[in-house]
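A look at the structure
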Protein chains: 2
Amino acid sequence: MSYESRIRLPELLNRVTSADAAAGWIRDGMVVGMSGFTRAGDAKAVPLALAERARREPLKITLMTGASLGSDIDRTLAEAGAIARRMPFQADPTLRAAINRGEVMFIDHHLSETVELLRTRQIPPIDIAVIEAVAITETGAIVPTTSIGNSASFAILADKVIVEINMTQSAALEGLHDIFIPKHRPQREPMPLMTPYDRIGTTAIEIPPEKIVAIVITDKADSTSNVLPADAETAAIAGHLVEFFEREVAQGRLTERLLPLQAGIGTVANAVMSGLGAGPFRHLSMYSEVLQDSTFDLFDAGKLDFASGSSITLSPARAAQVFGNLDAYKDRLVLRTQEVSNHPEIIRRLGIIALNTALEADIYGNVNSTHVLGTHMMNGIGGSGDFARNAYLSIFATKSVAKGGAVSSIVPMVSHVDHIPQDVDILVTEVGLADLRGLAPRERAHAIIENCTAQPYRDMLRAYYEEAVATRGGQTPHVLEKALSWHLRYRDTGTMLG
Amino acid sequence: MSYESRIRLPELLNRVTSADAAAGWIRDGMVVGMSGFTRAGDAKAVPLALAERARREPLKITLMTGASLGSDIDRTLAEAGAIARRMPFQADPTLRAAINRGEVMFIDHHLSETVELLRTRQIPPIDIAVIEAVAITETGAIVPTTSIGNSASFAILADKVIVEINMTQSAALEGLHDIFIPKHRPQREPMPLMTPYDRIGTTAIEIPPEKIVAIVITDKADSTSNVLPADAETAAIAGHLVEFFEREVAQGRLTERLLPLQAGIGTVANAVMSGLGAGPFRHLSMYSEVLQDSTFDLFDAGKLDFASGSSITLSPARAAQVFGNLDAYKDRLVLRTQEVSNHPEIIRRLGIIALNTALEADIYGNVNSTHVLGTHMMNGIGGSGDFARNAYLSIFATKSVAKGGAVSSIVPMVSHVDHIPQDVDILVTEVGLADLRGLAPRERAHAIIENCTAQPYRDMLRAYYEEAVATRGGQTPHVLEKALSWHLRYRDTGTMLG
């Protein structure tokens with residue numbers, strides 16, 4: 001199949017050019033919006049050509065994406081010193097190191113909010129968008145690939161658009177997308193979406209075709225998922241959640257369909273979602289950001305009726321199977337803009353059950369999702385704040401210890417707060433599950449310490465809490481001079497064990 | 001005017017009884033939902049009769065309200081030991097002390113969420129509701145008084161309802177309310193509200209009249225507002241915000257109408273809202289929780305077109321003027337359930353400009369709204385989380401110092417987090433305003449320290465931040481061993497000054 005058949009508006013054929021030439025449109029100081037969400041659907045050729053140029057000439061950009069990129073793009077651009085500012089999410093070790101050295105300014109948004117800020121010009125405008133596509137339609141509309149993310153608004157808001165037609169992306173992706181752009185406020189109307197499977201928009205990004213200044217033909221596959229397989233701990237976490245949901249069904253609070261499920265990216269959430277397949281649930285649905293292997297595990301187990309996301313990111317074997325036979329799944333899938341997948345309005349209306357992962361949590365159920373030892377950025381808050389605040393039920397999962405036991409994931413006080421106790425209904429580790437609904441802080445502490453922690457940290461947390469109650473009291477007892485002492489001990493001695 | 005004319009369903013006249021007799025329906029261990037939001041529209045006679053009984057017999061209840069109560073109800077019930085559990089908000093010193101001693105379990109909700117949790121039975125159900133009313137209609141529907149709060153869902157979800165007909169509340173309040181009850185999920189539909197002045201519900205709480213087991217006639221006025229008048233600092237804060245909004249208008253991001261305004265309860269927010277009257281803005285609207293004196297100041301200044309709230313809480317003079325002549329304002333006012341006034345869907349759709357107050361903020365723009373020295377509850381998060389997360393623009397205001405300068409409101413690290421940096425766009429003190437939109441944490445620190453803080457705390461914060469950058473670095477530099485040292489110094493020496 002030739003690329004010409006994927007550029008269905010003939011007048012655009014003469015825009016086909018090299019990645020180097022296309023990258024020439026990007027100049028020092030520009031704000032560049034690129035496709036890409038959880039390693040899926042990222043523009044792959046132009047950013048690497050840009051990095052090459054940045055090694056030879058002064059060139060620093062503000063880079064905005066949907067979420068994390070694959071294909072070593074963030075790494076290569078960071079190594080070339082080409083990124084001055086980055087938003088709203090990243091997950092690359094090299095870029096992360098530059099961020100933590102203070103060399104790259106990283107602005108960590110709720111994933112639903114970036115385009116609202118752009119649309120209202122509360123952050124600097126996009127100069128140019130670089131969007132991966134499977135095709136350009138007869139009217140010049142861009143058909144995205146394995147993610148939408150912020151691509152639609154980037155293309156709509158930018159003056160100029162570069163399209164990368166990726167020949168390795170299945171042409172069957174066309175039709176999968178649902179692109180809805182809300183009106184400016186105060187003219188905004190209700191979003192007419194009432195179930196995970198409603199379609200409310202178009203299947204391609206509609207822009208004036210004259211904005212497309214360059215088209216680059218590429219043939220590099222998406223990076224595959226780097227999540228690890230399920231293990232004994234993630235299986236135990238899934239088991240606790242299956243038991244919890246079974247009780248909710250028995251008590252009539254949920255049906256066997258549960259409510260639409262969201263799962264954060266990563267090993268724990270993916271393994272736990274797959275584990276739900278072992279429960280007595282049927283006709284499940286997902287309304288999530290990234291669709292991972294677990295989505296297709298649940299489809300294949302006959303448990304899942306429908307999945308809505310903003311991207312599809314799979315392991316190598318799953319990617320080959322799914323994208324090689326997309327028609328087998330296509331009528332049960334939709335990809336949306338991240339503004340819609342993560343919209344507070346929709347999350348609250350649908351009554352989402354949200355499952356996100358914690359880097360650490362404290363005895364009151366504050367959750368740190370982002371900052372190691374309170375200072376060093378891991379990836380970003382992503383969509384977890386969109387979902388946790390507005391969900392029917394907000395679940396956070398983590399293994400109870402890390403670093404071979406040298407780190408307790410449950411600490412007296414988290415060193416950085418991403419999620420406050422009001423937004424954390426359930427905390428679950430391999431040890432057990434704490435149902436925090438309707439509990440006051442002192443009751444939350446008891447539930448978390450007794451249900452979610454392993455020895456010797458359980459005794460250490462009991463001792464901290466008892467000292468806090470005895471010496472300070474209050475709604476949320478703490479011994480402030482010791483609240484962060486576990487982190488300091490880990491920093492100084494390599495272990496939180498006293 | 002006799003009470004009989006306020007009970008328009010004749011068969012209910014024989015339910016009129018004494019407060020003591022009505023309180024007899026409430027038994028030890030019950031969950032009681034009472035009207036009342038920001039000292040307005042609280043049931044006044046039955047809770048005090050209940051407190052009297054609790055002094056003579058074992059009687060402890062779970063007390064749920066809209067928000068804070070007036071009329072010494074929380075104090076009297078707390079003194080009588082009648083409150084085992086309390087949600088979702090309070091502002092009484094005696095109750096607060098009992099909470100901080102761990103004697104009362106206080107569950108501090110986002111104000112929009114309490115009825116969602118009740119409706120889905122994720123918290124124990126309401127046994128009985130006690131609702132203040134101006135009237136009961138021909139069909140037995142309850143017309144609330146100066147607040148709605150959670151009253152509608154309490155009455156709908158409870159098995160039994162006690163109504164207090166308050167003869168001092170203006171009969172003209174009837175017609176002011178707009179009561180909309182969303183459907184259970186997954187049948188929930190979009191909320192059909194597109195402007196602050198849309199009416200989408202009924203003017204009274206419709207319940208089967210046989211649920212009304214007792215009616216008590218009362219004649220005690222609402223407690224009036226306890227906010228302090230504007231002072232030099234609040235005037236300066238208002239001035240900084242007026243300048244900021246003028247710049248936003250000049251840059252075309254807002255019009256002279258701005259966008260619908262929300263203002264948190266209290267002295268600072270009230271004074272700042274009044275101060276907006278000095279700006280060149282016209283045809284303003286409010287979509288807020290509590291309507292305070294400032295709302296009527298702006299009406300009288302010809303600046304405000306319409307105000308939507310869940311309660312009206314005024315100073316004595318304003319209360320006499322407004323409620324004595326409600327018809328002069330009535331067509332520009334609506335009172336809604338707090339689920340609607342604070343709904344994420346509506347806040348995001350309307351593009352609210354949210355103004356809330358901080359107890360303390362840190363150099364990165366985390367805000368503590370609730371916990372003194374990280375442990376002791378002040379009032380609760382209230383609706384600030386509903387608004388700050390979903391607003392077009394989220395502003396937090398505070399005076400830069402408290403306790404005569406012994407406390408800096410800007411600290412290295414807040415001792416408790418209610419609002420994360422992603423939800424804090426603008427921080428303003430009497431010193432100045434920090435526009436944090438689109439900034440990374442290191443840039444936020446610079447903006448906050450240089451714009452919002454006064455000496456000698458400014459130099460102290462600079463020194464802390466520089467040490468954090470030099471010794472630890474990271475996305476969000478901190479010196480963990482010193483991060484909470486200002487709070488400890490205040491606790492131990494009575495001042496944060498080193």
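Residues numbered from 1 in each chain as written. Chains lettered and ligands numbered in written order. Predicted model: local features only at pLDDT ≥ 70, side-chain atom pairs only at ≥ 80, totals over all residues. Heavy atoms only, no water.

Bringing the overall build of chain A into the picture now. Check the secondary structure of chain A and you find 16 helices and 27 strands. The C-alpha radius of gyration of chain A comes to 23 Å, within 12% of the 23 Å expected for a compact globule of 498 residues. Contacts in chain A between residues far apart in sequence, at least 24 positions, make up 74% of those at least 6 positions apart. Surface accessibility of chain A: about 15,400 Å² in total, with carbon and sulfur atoms responsible for 53%. (Helix = DSSP H or I, 4+ residues; strand = E, 2+ residues; numbered from the N terminus. Rg over C-alpha atoms; globule rule 2.2 N^0.38 Å. Contact = heavy atoms within 4.5 Å. Areas by Shrake-Rupley, 256 points an atom, 1.4 Å probe, with all protein chains shown as cover.)

Chain-level statistics for chain A give a pLDDT mean of 97 and a share of 100% at 70 or above. Of the two predicted TM-score estimates for the complex, the pTM is 0.98 and the ipTM is 0.98. (pLDDT = per-residue confidence, 0-100.)

Attention shifts here to the UniProt feature "domain: Acetyl-CoA hydrolase/transferase N-terminal" (unreviewed entry) in chain A. As annotated in UniProt, the feature "domain: Acetyl-CoA hydrolase/transferase N-terminal" (unreviewed entry) corresponds to residues 12–216 of chain A in the numbering used here. Summarising residues 12–216 of chain A: 21% helix, 21% strand, and an end-to-end C-alpha distance of 11 Å. (UniProt positions renumbered as here; feature names shortened; annotations may be inferred.)

Here we come to the side chain of R119(B). Residues and elements named next belong to chain B. By the element assignment, R119 lies in helix α5 (residues 114–119). Look at R119 and you get buried, because its relative accessible area is 8%. Of note is the side chain of R119, whose polar atom sits 3.3 Å from the side chain of E116. (Buried < 20%, exposed > 50% of the residue type's maximum accessible area, 1.4 Å probe, protein only. Polar contact = N/O pair within 3.5 Å; in protein donor to acceptor, adjacent residues only side chain to side chain.)

All names here are of chain B. Here three strands make up an open sheet; going across it, the order is β18-β17-β24 and the pairing mixed. In the strand order of this sheet, the two ends are held by β18 (367–368) and β24 (410–411), each with one partner. Where strand β17 (residues 360–362) meets β18, two bridges bridge the pair, whose relative direction is antiparallel. Each bridged residue has a counterpart across the sheet, and for A361 the counterpart in β18 is V367. (Pairing = 2+ DSSP bridges.)

Moving on, we get to the interface of chain B and chain A. Residue-level contacts link 76 residues of chain B with 76 residues of chain A. When chain B packs against chain A, the two sides together hide about 6,900 Å² of surface, and 51% of this comes from carbon and sulfur. Per-residue buried area on chain B facing chain A is highest for R348(B), R389(B) and Q475(B); these three make up 12% of the total on that side. Where chain B touches chain A, the interface holds eight salt bridges. For the side of chain B that touches chain A, the elements supplying multiple residues, two or more each, are α4 (93–100), β4 (105–106), α12 (344–350), β20 (376–377), α13 (384–390), α14 (441–452) and α16 (485–493) of chain B. The greatest single-element share of the side of chain B that touches chain A, amounting to five residues, is contributed by α12(B). For the side of chain B that touches chain A, the per-class residue count stands at 28 nonpolar, 26 polar and 22 charged. (Buried area = accessible area lost by both parts, 1.4 Å probe. Salt bridge = Lys/Arg side-chain N within 4 Å of Asp/Glu carboxyl O. Nonpolar A, V, L, I, M, F, W, Y, C, P; charged D, E, K, R; others polar.)

A separate point is the sheet that holds strand β18 (residues 360–362) of chain A. Judged by pairing direction, the sheet is mixed, and its three strands sit side by side in the order β19-β18-β25 (chain A) without closing on themselves. The open sheet terminates on both sides in strands that have one partner only, identified here as β19 (367–368) and β25 (410–411) of chain A.

Right, let's get into the packing of aromatic side chains. Residue and element names in this part refer to chain A. Throughout the structure, instances matching the rule amount to 14 aromatic pairs over all chains. Linked through ring pairs, F244, F245 and F281 together constitute an aromatic cluster. Geometry around F299 places R332 over its ring, the cationic atom sitting 4.7 Å from the centre. (Phe/Tyr/Trp six-rings, centres within 6.5 Å; stacked < 30°, edge-to-face > 60°. Lys NZ or Arg CZ within 6 Å of the ring centre and 35° of its normal.)

If you rotate chain B by 180° and push it 0.0 Å along the axis, it lands on chain A with an RMSD of 0.0 Å. Those values place the two copies in the arrangement expected of a two-fold rotation axis. Relative to the rotation axis, the closest C-alpha in chain B is found at E345(B), a distance of 2.0 Å. (Least-squares fit on C-alpha atoms with pLDDT ≥ 70 in both.)

This part is about the pairing of strand β16 (residues 353–357) of chain B. Residues and elements named next belong to chain B. Of all five residues in β16, four are buried; the element is thus mostly enclosed. Bridge count for strand β10 (residues 261–263) against β16 is three bridges, and the pairing is parallel. For Q262, the partnering residue across the bridge sits in β16 and is A354. Pairing of β16 with strand β21 (residues 393–397) involves five bridges; the strand directions are parallel. Across the sheet, N356 pairs through a bridge with F396, a residue of β21.

Taken together, I156(A), L157(A) and I181(A) make up a surface patch of nonpolar side chains, about 200 Å² in accessible area. If you trace the backbone, L157(A) turns up in helix α6 (residues 151–157). (Patch = residues over 30% accessible without salt bridge, like charges linked within 9 Å, V, L, I, M, F, W, Y side chains within 5 Å.)

So, on to the pattern of salt bridges. Opposite charge on two side chains allows them to pair when their charged atoms are near. This structure, assessed with the given rule, holds 69 salt bridges over all chains. A salt bridge links R85(B) to E443(A), with the shortest nitrogen-to-oxygen separation between them at 2.6 Å. Here R85(B) is found in strand β3 (residues 83–87), whereas its partner E443(A) is found in helix α14 (residues 441–452) on a different chain. The salt bridge partner of K44(B) is D42(B), with a shortest N-O separation of 3.1 Å. Take K44(B): its relative accessible area is 2%, and that puts it in the buried class. D42(B) gets classed as buried once you look at its relative accessible area, which sits at 0%. Through salt bridges with shared partners, a single ionic network connects E116(A), R119(A), R185(A), R188(A), E339(A) and R348(B).

Our focus in this paragraph is the side chain of S369(B). Residue and element names in this part refer to chain B. Note on placement: S369 falls in the loop between β18 and β19 (371–372). Here H419 takes part through its side chain, which lies 3.3 Å from a polar atom of the side chain of S369. What S369 contacts, discounting residues up to four positions off in sequence, is T357, L359, G380, S384, F396, D418 and H419.

This next bit is on the UniProt feature "domain: Acetyl-CoA hydrolase/transferase C-terminal" (unreviewed entry) in chain A. In this structure's numbering, the residues bearing the UniProt feature "domain: Acetyl-CoA hydrolase/transferase C-terminal" (unreviewed entry) are residues 323–464 of chain A. Secondary structure over residues 323–464 of chain A splits into 27% helix and 25% strand, and the C-alpha atoms at its two ends are 52 Å apart.

Take helix α7 (residues 232–250) of chain B next. Residues and elements named next belong to chain B. For α7, spanning 19 residues, the distance from its first C-alpha to its last is 27 Å, which sits close to the expected 27 Å at 1.5 Å a residue. By the burial criterion, the buried members of α7 are T234, I237, A238, H240, L241, V242, F244, F245 and E248. Elements in contact with the buried residues of α7: α8 (267–275), β16, β21, β25 (426–428) and β26 (433–435). Capping of α7 at its N-terminal end is provided by D231; its side-chain oxygen lies 3.0 Å from the backbone amide nitrogen of E233. Positive phi shows up at G252, right after α7, with a value of about 80°. (Expected span 1.5 Å × (residues − 1).)

What follows concerns the pairing of strand β3 (residues 61–64) of chain A. All names here are of chain A. In β3, alternate side chains face the same way, and those of I61 and L63 on one face and T62 and M64 on the other are all buried. Read as a crossover between parallel neighbours, the route from strand β2 (residues 31–34) over helix α2 (residues 45–54) to β3 is right-handed. Note that β3 and strand β4 (residues 83–87) share four bridges and pair parallel. Paired with T62 across the bridge in β4 is R85. The parallel pair β3 and β4 is bridged by helix α3 (residues 73–79), and the resulting crossover is right-handed. (Right-handed = clockwise from strand over helix to strand, strands pointing away.)

Secondary-structure assignment places G102(A) in the loop between α4 (93–100) and β5 (105–106). Separated by 171 residues in sequence, G102(A) and M273(A) have C-alpha atoms that sit 36 Å apart.

Okay, unusual backbone geometry next. Backbone torsion omega between R185(A) and P186(A) reads 10°, so that peptide bond is classified as cis. If you trace the backbone, P186(A) turns up in the loop between β9 (177–178) and β10 (212–218). Cis peptide bonds are those with omega within 30 degrees of zero, and the linkage from M87(B) to P88(B) qualifies with -5°. Positionally, P88(B) belongs in the loop between β3 and α4. Even without a glycine there, the phi angle at D72(A) is positive, about 60°. Tracing the chain through its elements places D72(A) in the loop between β3 and α3.

So, about the packing of α14(B) against helix α15 (residues 457–471) of chain B. Residue and element names in this part refer to chain B. Running from N to C, α14 and α15 point in directions that differ by 165°, and their axes come no closer than 10 Å. The angle between the axes of α14 and α15 places the two elements in the roughly antiparallel class. Remark: the crossing between α14 and α15 carries left-handed chirality. Two secondary-structure elements touch here, α14 through R442, A445, I449 and E450 and α15 through R458, L461, R462, Y465 and V469. Grouping the constituent residues of the contact of α14 with α15 by class yields five nonpolar, no polar and four charged. (Axes fitted to C-alpha atoms, helices over the stretch in contact; angles between N-to-C directions. Parallel < 35°, antiparallel > 145°, perpendicular 65-115°, else oblique. Left-handed = near helix turned anticlockwise from the far one by under 90°.)

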